Amino acid sequence: MKRKRAATTLAVSLVIALIVVACASMSGGGPDLVARGLQAQGGADALTAVKTISQKATVRYWEPEQSAVAGGEMRFANESTLDMVTDVAGGASRMDWVRKYEYPAPRTDTFSEIVTADAGYVAGIDSSGRTKQSLESNPPAHTMSGLRLAAAQRELLRTSPLLLLEMSRNPDRVAPTRDVTVGSASYPAVTYQAAGQAFTVMFERATGLPARVRTLDYDNIWGDVTYDLVLADWQAVNGVRVAMSQKYELNGRTVVDARITEVKINEPVAADRLAIPAAYRDGAPGPAARNVPYQWVIRRQFIGIYLDSDVPSFDRRATQSLRLVELGPGIQHVVGGSHNSLVVLMKDSLVVFDAPVSDWQSNWTLSALRAKYLGKPVKYLVLTHHHMDHAGGLRAYASAGATIVVGKGTTEHYRRVLAAPYTRNPDLSPQDLSHTPIVEVADRYAIIDSAREVQVYAIEPNPHAQGLLIGYVPDAKVGFVTDIWSPGGPLPDKLNPALAALVAGVKKAGIAPVKFAGGHGSTGDYAPLAALEGK
Ligand SMILES: [Zn+2]
C-alpha cells in the first residue's frame, strides 16, 4: 500500500513537472500570442476596418525537383508580376498575373484567377497542360478543380494580412503548441485549424508579429515536408502593418520570393472584377475537402504545366480513366493521362518504366497489371530520370518489392528519397523503404530471363537531366523515351538538342528501334526522326 502511494505520488509529480515544462515553452499560450500579434499589426479595430486590399507584387519561383542533376540546384522557374484585389466581406480575391517563364522554356502567360469561397476561375491560358474545357473555351478560360481551389484558398488565408484577426475571432480553433526552432531561431507558436488544415503560426519574440506560417505537406519526392510562409519587412498602411516580403520555404529552401511593391487599403473595387462568369460558376466544384496534393498542385503551377483536374493524373473532362494500350506481345503503354509508363512482360515478372505523378497513379497501374498479368510481380522499376513528375510514384513500386533502376550518379539521391518518412502520403501506408535495392546504370544495363531481354541505355550528354535513361525491347524493336522526345506529335524541321541527344544515344547503343513510346504523348516511328539528322 505504502509503495503504491509512493509510486502514485511520483507519477503525479512527474505529470506536474511535465505540465510546467510544457507551459514554460508555450510562452503564455495561444490566445495571448494572437492578441499580441494583432496589436502589433495595428489592433483589432484597424484590421476590422479593412474592407478591400489592393496589392502589387513581383514574385520569383524556383522548382527543386526539376533540377538538371538529381538533388542538385533548383531550377529558376519564372518571374511574375501580380496585381491583386481582395474583397474581405465578399470573401473573393482576383489575381491578375503576367508570368515570364524561364523553365521549362521561355514563355509569357498573362491570365487572371478569381477565387471565392465556393468556386475558382481562370481567364486566359495559365498552363501548357490545358484541360478540355480550357481548349474548348473562346476566349480561353476554365473552372478551377476542387484541388486547385482548396490550395488557392489555403494560400490566400496564409498570406492574408487579416489572418490574426480571423484567428482572434475563432479562439476555439486556436491551440497553444510547443516553440518551433528554425535554424538558430526559436519561435513561440500556436496552431490554427482552418481550410481543412492545421497551420502553425510562429511569432517573433521581440515584436510579437507573425514570423512564419507553416503547414505540414506531402511531397511526392521528399515525403513529409514543411512549407513555411516567411513574413518580413513590415510596413504600415492605413494603420495596418503588412509584410512586404513574403517568401515560401519548402523544407528550408526558398522556392517563392514575393516582394509586395504596393498595398492600398479600402480602395474601391468594381464588383464585376470579382465575379466568376455564370457559365464557369454554375456546377463548379467546391474546395476539395481532403487529400489535396498541395505541393503537386502549387508547384506544377510554378513551371506552368499544371493540369487543373480533380484527378491529378488525367483530365476528368476528357477521359474517365487511365488505360493500357498494347504495343506488342506483352508490352503495355499506360496512357490516358499527362504522364505515361511502359510495361514489359517477362517470363515470370514485369518491368515498368517510370512512376509518374503520384502513388495514386502507381497504384492504378499496379492494380491494372495484377488484373492483366496475375501472379507476375513488378520486379524492376526503371526511372528514366529523377524529375518529380516521372519519379513521384516510386514508393508504391518499392513497397511492392521492385528493384529501382536509375541513372548514373543518382543512387545517393534515391537512397535519401527512399529513406524519407512519408506519413502524409494519401495513397500509401508508411513503411521502411530504405533497403529497397537500387541498380545504377552507368552506360547500359540488361534485364534478362528465359523469355525476354529488356535493355536500358544512358543518353549522355543530354540537355534535360543528368543520368537520363531510355528503355528498349529488342524483340519488338520498341523503345521508351521521356522528355527528350514526346512521340506522337508532329516532328520539327530539324533536330533540337534534346532530339539530337536521343538520335546520338540510339546510334551509340547500336539499337534499331522501329517505334518509341513516350513518357508523354503516345507512340511514334523512329525512322522519320533519325532522318532529320544533318538537316
Ligand atoms: Zn523531366
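In this report, the structure presented in the accompanying data block is examined. (Residues numbered from 1 in each chain as written. Predicted model: local features only at pLDDT ≥ 70, side-chain atom pairs only at ≥ 80, totals over all residues. Heavy atoms only, no water.)

**Describing the side chain of histidine 386**
Defined as follows: Counting from the N terminus, the helices are DSSP H or I runs at least four residues long and the strands are E runs at least two residues long. Think of it in three bands: with a 1.4 Å probe and only protein chains considered, a residue is buried below 20% of the maximum accessible area for its type, exposed above 50%, and partly exposed in between. Polar contacts here mean pairs of N or O atoms no more than 3.5 Å apart (in protein, one a potential hydrogen donor and the other a potential acceptor; neighbouring residues in sequence count only if both atoms are side-chain atoms). Two residues form a contact once any of their heavy atoms are found within 4.5 Å.
Among the structural elements, histidine 386 can be located in the loop between β18 (378–382) and α10 (388–391). Overall, the relative accessible area of 1% leaves histidine 386 in the buried class. Engagement of the side chain of histidine 386 in a polar contact is seen with the backbone oxygen of serine 67, the distance being 2.9 Å. When sequence neighbours within four positions are dropped, the list of residues in contact with histidine 386 reads Ser67, Ala68, Val69, Ala70, Ile221, Ala391, His413, Tyr414 and Ala465.

**Regarding the sheet that holds strand β19 (residues 403–407)**
Paired through backbone hydrogen bonds, the strands of a sheet run either parallel or antiparallel to each other. Quick reminder of the rule: For two strands to pair, DSSP has to find at least two bridges joining them. Between N-to-C directions, angles span 0 to 180 degrees; the directions come from axes that are lines fitted to C-alpha atoms, helices contributing only their stretch in contact.
One open sheet holds the seven strands; their spatial order is β14-β15-β16-β17-β18-β19-β20, and the pairing between them is mixed. In this open sheet, the two edge strands, each paired with only one partner strand, are β14 (323–328) and β20 (438–441). The sheet shows a mean angle of 25 degrees between the axes of neighbouring strands, direction not considered. In the sheet, β18 pairs with β19 via three bridges, with the strands oriented parallel. Across the sheet, tyrosine 380 pairs through a bridge with threonine 403, a residue of β19. Relative to the sheet, helix α9 (residues 359–372) contacts β14, β15 (331–335), β16 (341–345), β17 (350–353) and β18, its axis offset from that of β14 by approximately 60 degrees. Sitting on the sheet, helix α12 (residues 411–419) is in contact with β19 and β20, with an inclination near 155 degrees to β20.

**What about the coordination of the zinc ion?**
What counts is decided by this rule: With water omitted from the atoms examined, metal sites may look incomplete; donors here are N, O and S atoms no farther than 2.8 Å from the metal, or 3.2 Å in the case of Na, K and Ca. Every geometry call rests on angle ranges, with four donors termed tetrahedral when all angles are between 85 and 135 degrees, four termed square planar and six termed octahedral when opposite donors are over 155 degrees apart and all others are between 65 and 115, and everything else termed irregular.
Every protein donor of the zinc ion is accounted for by His385 (NE2), His387 (ND1), His464 (NE2) and Asp483 (OD), and the metal-donor separations fall at 2.1 to 2.2 Å. Around the zinc ion sit four donor atoms, and with donor-metal-donor angles ranging over 88 to 174 degrees the site reads as irregular. Written as a sequence motif, the donor residues of the zinc ion are H-x1-H-x76-H-x18-D. In this pair, histidine 464 is assigned in the loop between β22 (453–458) and β23 (469–473) and aspartate 483 in the loop between β24 (478–481) and α13 (497–509), connecting sequence segments 19 residues apart. On the accessibility criterion, histidine 464 (15% relative accessible area) is buried.

**Regarding the packing of helix α5 (residues 146–159) against helix α8 (residues 294–302)**
Note the threshold: An angle counts as roughly parallel when it lies under 35 degrees, as roughly antiparallel when it exceeds 145, as roughly perpendicular when it falls between 65 and 115, and as oblique in every other case. Residue polarity follows a fixed list, in which Ala, Val, Leu, Ile, Met, Phe, Trp, Tyr, Cys and Pro are nonpolar, Asp, Glu, Lys and Arg are charged, and the others, Gly among them, are polar.
Between α5 and α8, the shortest axis-to-axis distance is 9 Å and the interhelical angle comes to 85 degrees. Classified by the angle their axes make, α5 and α8 are roughly perpendicular. Within the contact between the two elements, α5 uses Leu147, Arg148, Ala150, Ala151, Arg154 and Glu155 and α8 uses Tyr294, Val297, Ile298 and Gln301. In the contact of α5 with α8, the residues fall into six nonpolar, one polar and three charged.

**Comments concerning empty space enclosed by the protein**
Heads up, the rule is: Site definitions follow a grid-based scheme: protein atoms alone, a 1 Å grid, a 1.4 Å probe that fits but cannot get out for cavities, and for pockets an open set with protein on both sides within 12 Å along at least five of seven lines, plus lining residues having an atom within 4 Å of a point. Grid points are joined across faces, edges and corners, and a volume is the space filled by probe spheres set on the points.
Going through the model one piece at a time under the given rule, you end up with three cavities of 30 Å³ or more. Lining the largest cavity are 15 residues, with Gln41, Ser160, Pro161, Leu231 and Trp234 positioned closest to its centre. If you tally residues by element for the lining of the largest cavity, the top one is strand β12 (residues 240–250), at three residues. What the second largest cavity holds in volume is close to 50 Å³. In this structure, the second largest cavity is lined by Asp443, Arg444, Tyr457, Ala458, Gly505, Lys508 and Ala509. Counting residues per element, the ones that place at least two in the lining of the second largest cavity are β22 and α13.

**Overview of the sheet that holds strand β26 (residues 523–525)**
The six strands are arranged β21-β22-β23-β24-β25-β26 in an open sheet whose pairing can be described as mixed. In this open sheet, the two edge strands, each paired with only one partner strand, are β21 (444–448) and β26. Along the sheet, successive strands turn relative to each other by an average axial angle of 25 degrees, direction set aside.

**Considerations on the pairing of strand β10 (residues 210–219)**
Among the ten residues that make up β10, nine are buried, leaving the element largely enclosed by the rest of the structure. Judged from the four bridges that link them, strand β9 (residues 197–203) and β10 form a sheet pairing that is antiparallel. Within the sheet, the bridge partner assigned to valine 201 lies in β10 and is valine 213. Hairpin connection of β9 to β10: six residues between the antiparallel strands, including glycine 208 at a positive phi of 80 degrees. Note that β10 and strand β11 (residues 223–237) share eight bridges and pair antiparallel. Its bridge partner being in β11, aspartate 217 is matched across the sheet by valine 225.

**Quick look at the packing of aromatic side chains**
Worth spelling out the cut-off: Aromatic pairing here means that ring centres of Phe, Tyr or Trp (its six-membered ring) are within 6.5 Å. Orientation follows from the plane angle: under 30 degrees is stacked, over 60 is edge-to-face, and everything else is tilted. Here, over-ring charges are defined by two tests on the NZ atom of lysine or the CZ atom of arginine: distance to the ring centre within 6 Å, and angle to the ring normal within 35 degrees.
In this structure the tally under the stated criterion is nine aromatic pairs. Relative to tyrosine 248, the ring of tyrosine 227 has its centre 4.8 Å away and its plane inclined at 15 degrees; by these criteria the two rings are stacked. Of this pair, tyrosine 227 sits in strand β11 while tyrosine 248 sits in strand β12, and the two are 21 residues apart along the sequence. Here tyrosine 227 and tyrosine 248 have matching classes, each one buried. Between the NZ or CZ atom of arginine 99 and the centre of the ring of tryptophan 97, over which it lies, the distance is 4.3 Å. One cation-aromatic arrangement involves arginine 300 over tryptophan 296; the distance from NZ or CZ to the ring centre is 4.7 Å.

**Re the environment of serine 362**
Tracing the backbone shows serine 362 in helix α9. Considering only alpha carbons, one finds serine 362 and threonine 52, 310 residues apart in sequence, at a separation of 45 Å. Every residue in contact with serine 362, bar those within four places of it in the chain, is listed here: Ala355, Gly393, Ala396 and Tyr397. Within the local environment of serine 362, its side chain forms a polar contact with the backbone oxygen of glycine 393, the two atoms lying 2.7 Å apart.

**Quick look at the layout of surface pockets**
As a volume, the largest pocket reaches approximately 1200 Å³. Lining the largest pocket we find 48 residues, and of these Ala152, Glu155, Leu156, Leu157 and Thr159 sit closest to its centre. Considering each element in turn, the lining of the largest pocket owes the most residues, eight residues, to α5. Partitioned by chemical class, the residues of the lining of the largest pocket number 30 nonpolar, eleven polar and seven charged. By volume, the second largest pocket is sized at about 840 Å³.

**Focus on α12**
Here is the rule: Relevant arc is that of directions from the helix axis to the C-beta atoms, nothing else.
Among the residues of α12, those classed as buried are His413, Tyr414, Val417 and Leu418. End-on, the buried residues of α12 take up no more than an arc of 125 degrees, which puts them together on one face. Check the buried side of α12 and you find it contacts α10, α11 (394–399), β19 and β20.

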